[in-house]
Amino acid sequence: VTRIPQLEQELVAAAARLQSPRRLLGPAARAALAAAALVAVAVLTIVGTADNDGDRRARPSGASSLPPNPDLVDHEAGVRFALDGRVLTVSVLPSAPSKTRTRLNGARIRATCGKAFTEGPGPGPGADPRQTRTRLWPAGSTLVRFRFRDDISRIARWCRLEDPVVGHVAFVKFRATDSKLSPEQKIERTGSEWARLFAASATGDCRYMTQPLCERISCERISGPIENCTPPSAAYRKSFRAATVQDIVIKGHRAAARFSNGEAVEFFLPEIEIRGGWLISKVGGNAGRRFFK
Amino acid sequence: MGMSPVSDDAPDEKLLATAREEPAAFGVFYRRHEDRVLGYFLARVGDPEVAADLTAETFAAALVSAHRFRPRTRKPASAWLFGIARNNLAMSRRQGRVEARARRRLGMAPLVLTDESIERITALDRTALTLVDELPGDQQDAVRARVIDERDYPDIAKDLRCSEAVVRKRVSRGLGTLRARLEEK
């Protein structure tokens with residue numbers, strides 16, 4: 001059994017379609033096939049164009065693919081939601097109460113994201129658009145992704161996690177919750193999340209970083225590798241594993257935060273707000289020096 | 001139409017050459033390289049679903065151009081396949097979403113992953129990373145730096161404060177150990 005059996009079947013079927021029609025069909029059938037192919041091309045073009053809009057965004061190192069909605073946390077349940085394109089990533093925080101873990105582990109869990117707050121007829125693009133997906137939450141797992149049928153990330157105002165039998169597990173409202181955070185809280189949240197990703201990612205996860213910094217850290221631009229570039233050492237990355245933000249200084253659209261491992265990073269507030277606004281613009285070297293004199 | 005059964009032991013070059021006459025040949029080719037291609041993407045994008053989409057597009061592109069593949073002594077079919085994978089990744093980065101041109105050209109349906117598939121893909125990542133974690137410290141650092149971080153040998157040697165030859169030896173030994181353990185599994 002392959003890891004993606006349906007892909008193997010699709011490929012073999014596609015290979016079969018590539019078999020030369022000349023070898024298989026007579027002249028009349030070939031003419032009919034040519035006419036059908038014209039129709040198929042037209043349909044595929046329409047489907048392809050439509051499919052582009054709903055495609056997942058690639059998130060390789062070096063690519064900026066930040067979603068319009070930030071990560072949000074249900075602090076009571078200790079659950080974080082992140083909606084990126086069609087994919088809702090739900091993670092259980094270390095601070096989550098045992099009740100949350102008990103409810104999730106090994107249960108079939110339904111995730112729903114929607115726009116309006118009234119109960120609607122269910123999934124679909126009607127007056128109350130919402131997307132739902134149910135998955136088995138593997139026992140012991142702290143992160144599960146729910147892939148919706150359509151991309152609702154640009155209009156979603158809320159997401160909910162529930163056990164269809166037992167009931168509510170976690171709930172977040174987008175934007176409203178985020179806007180309540182002070183700049184210091186946003187920086188702290190971004191810094192903590194970045195530190196966790198930076199320590200764990202060997203290939204460079206670019207969330208929360210400006211594009212130039214991301215390129216310097218991965219030593220790779222879209223055009224190719226950056227010459228004479230040294231990426232951060234594994235030891236340096238690891239030092240951020242349990243690091244927490246200890247001190248923050250804000251100067252206009254720039255800021256710096258010092259972590260518990262003694263390292264400082266600089267932040268930049270872009271005009272267009274993404275994921276809580278602040279992005280990390282400088283790491284290592286003399287980062288933060290001018291802020292923490 | 002007489003079709004000869006496809007042998008699982010057939011070389012890659014033969015499987016590619018016959019893919020259009022014998023569709024099952026491409027299935028064998030896919031099964032043979034699925035783990036490595038999925039692992040390649042998973043290490044770079046960290047998301048099993050995106051990795052699956054990139055893998056699907058890579059194999060679709062390989063199928064489209066299989067008839068143009070010409071075997072060379074120093075460039076096996078797997079190197080050709082990974083060339084496609086690299087291009088696919090670069091193109092997807094540039095566009096900010098997974099390229100789908102080859103799949104559309106072949107009329108392939110969008111990939112809808114089952115929970116089981118996602119778990120199997122995620123397990124692939126865990127298996128490989130767990131095995132790397134089990135390597136002796138010096139080999140682990142060298143393999144991570146070279147294979148996962150894709151850094152140059154001189155750069156790694158500088159970081160690990162040893163000669164380039166020593167790094168090469170550690171990477172070689174580490175990979176040898178990994179290969180043996182993977183075969184055991």
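Calculation criteria
Residues numbered from 1 in each chain as written. Chains lettered and ligands numbered in written order. Predicted model: local features only at pLDDT ≥ 70, side-chain atom pairs only at ≥ 80, totals over all residues. Heavy atoms only, no water. Helix = DSSP H or I, 4+ residues; strand = E, 2+ residues; numbered from the N terminus. Buried < 20%, exposed > 50% of the residue type's maximum accessible area, 1.4 Å probe, protein only. Contact = heavy atoms within 4.5 Å. Disulfide = S-S within 2.5 Å. Expected span 1.5 Å × (residues − 1). Axes fitted to C-alpha atoms, helices over the stretch in contact; angles between N-to-C directions. Left-handed = near helix turned anticlockwise from the far one by under 90°. Nonpolar A, V, L, I, M, F, W, Y, C, P; charged D, E, K, R; others polar. Pairing = 2+ DSSP bridges. pLDDT = per-residue confidence, 0-100. Core = buried A, V, L, I, M, F, W, Y, C linked by side-chain atoms within 4.5 Å. Salt bridge = Lys/Arg side-chain N within 4 Å of Asp/Glu carboxyl O.

1. So, the overall build of chain A
A tally of helices and strands in chain A yields eight helices and 14 strands. Counting all 293 residues of chain A, 47% fall into the buried class. For chain A, restricting intrachain contacts to residue pairs at least 6 apart in sequence, the fraction spanning at least 24 positions comes to 55%.

2. Remarks on the state of the cysteines
Residues and elements named next belong to chain A. The full count for this structure, using the stated rule, is two disulfides over all chains. The disulfide bridge from C113 ends at C159, spanning 2.0 Å between sulfur atoms. Looking along the S-S bond of the C113-C159 disulfide, the torsion reads about 105°, which is the right-handed sense. In this pair, C113 sits in strand β4 (residues 108-114) while C159 sits in strand β7 (residues 158-163), placing the two residues 46 residues apart along the sequence. Assigned by exposure class, C113 and C159 land together as buried. One disulfide bridge connects C219 with C229, the sulfur atoms lying 2.0 Å from each other. Measuring handedness by torsion sign, the sulfur bridge of C219 and C229 sits at about -75° and is left-handed. Of the two residues, C219 is situated in the loop between α7 (211-218) and β9 (220-221) and C229 in the loop between β10 (224-225) and α8 (234-238); the sequence distance between them amounts to ten residues. Residue C219 is classed as buried on the basis of its relative accessible area, which comes to 11%.

3. Quick look at helix α6 (residues 183-200) of chain A
With 18 residues, α6 of chain A extends 26 Å between its outermost C-alpha atoms, agreeing within 8% with the 26 Å of an ideal straight helix rising 1.5 Å per residue. Where α6 of chain A is concerned, the buried positions are K186, I187, T190, G191, E193, W194, A195, L197, F198 and A199 of chain A.

4. Focus on the packing of helix α2 (residues 23-45) of chain B against helix α4 (residues 77-95) of chain B
Residues and elements named next belong to chain B. Their axes nearest at 11 Å, the elements α2 and α4 cross at an angle of 35°. Every pair of crossing elements has a handedness; the one defined by α2 and α4 is right-handed. Here α2 contributes F29, H33, R36, V37, Y40, F41, R44 and V45 to the contact with α4, which in turn contributes A77, S78, L81, F82, A85, R86, N88 and L89. Across the contact of α2 with α4, the residue classes break down as ten nonpolar, three polar and three charged.

5. Section: α4 of chain B
Residue and element names in this part refer to chain B. Given a rise of 1.5 Å per residue, 19 residues ought to cover 27 Å, and the 27 Å separating the end C-alpha atoms of α4 matches this to within 8%. Those residues of α4 not exposed but buried are A77, S78, W80, L81, F82, G83, I84, A85, N88, L89, S92 and R93. Positive phi appears at G96, one or two residues downstream of α4, with a value of about 75°.

6. Let's talk about the sheet that holds strand β12 (residues 254-259) of chain A
Residue and element names in this part refer to chain A. Overall, antiparallel pairing links the four strands, which are arranged β11-β12-β13-β14 in an open sheet. Two strands bound the open sheet, and with one partner strand each, they are β11 (245-251) and β14 (279-283). Neighbour-to-neighbour, the strand axes of this sheet turn through a mean angle of 25°, independent of strand direction. Of the strands in this sheet, β11, β12, β13 (264-268) and β14 are in contact with α6, which crosses β11 at around 130°.

7. Describing the confidence of the model for chain A
Residues and elements named next belong to chain A. When pLDDT is averaged along chain A, the result is 73; 70% of the residues meet or exceed 70. The model gives residues 22-30 a pLDDT under 50, and that stretch makes nine contacts with residues more than four places away or in other chains. Here residues 119-126 is modelled with pLDDT under 50, and outside its nearest four sequence neighbours on either side it reaches twelve contacts, counting other chains as well.

8. What about the packing of helix α1 (residues 5-18) of chain A against α2 of chain B?
The geometry of α1 of chain A relative to α2 of chain B is characterised by a closest axis approach of 8 Å and an angle of 145° between their N-to-C directions. Regarding α1 of chain A and α2 of chain B, the two cross each other, and that crossing is right-handed. Here α1 of chain A contributes L7, E8, L11, V12, A15 and A16 of chain A to the contact with α2 of chain B, which in turn contributes P23, A24, F26, G27, Y30 and R31 of chain B. Among the residues forming the contact of α1 of chain A with α2 of chain B, the class breakdown is nine nonpolar, one polar and two charged.

9. Examining the sheet that holds strand β8 (residues 167-173) of chain A
All names here are of chain A. Pairing in this open sheet of four strands is antiparallel, and the strands run β5-β4-β7-β8 from one edge to the other. Either end of the sheet is taken by a strand with one partner, and the two such strands are β5 (130-136) and β8. Here the average twist between neighbouring strands, direction ignored, is 15°.

10. Thoughts on the nonpolar core
With 48 residues, the main nonpolar core has I4 and L7 of chain A together with L16, F26, F29, F41 and F59 of chain B as its most contacted residues. Counting residues per element, the ones that place at least two in this core are α1 of chain A together with α1 (12-17), α2, α3 (48-65), α4, α5 (101-106) and α6 (115-133) of chain B. Examining the composition of this core, we find that eleven residues originate from one element, α2 of chain B, more than from any other. Not counting residues within four places of it along the chain, the set of residues in contact with F26 of chain B comprises L11 of chain A together with L16, A19, F59, A62 and L63 of chain B. In terms of nonpolar packing, the next biggest core, distinct from the first, is built from 26 residues, V79, V92, A111 and F146 of chain A among them.

11. Side note on the pattern of salt bridges
Applying the stated criterion to the full structure yields 16 salt bridges over all chains. For the salt bridge of D12 of chain B with R32 of chain B, the shortest nitrogen-to-oxygen distance reads 2.7 Å. On the criterion of sequence distance, the pair formed by D12 of chain B in helix α1 and R32 of chain B in helix α2 is long-range, its members being 20 residues apart. On the accessibility criterion, R32 of chain B (31% relative accessible area) is partly exposed. Look at the salt bridges and you will find they share partners, linking R110, R160 and E162 of chain A into a network.

12. Examining the environment of V28 of chain B
Within the element layout of this structure, V28 of chain B appears in helix α2. Separated by 16 residues in the primary sequence, V28 of chain B and D12 of chain B have C-alpha atoms spaced 8.9 Å apart.

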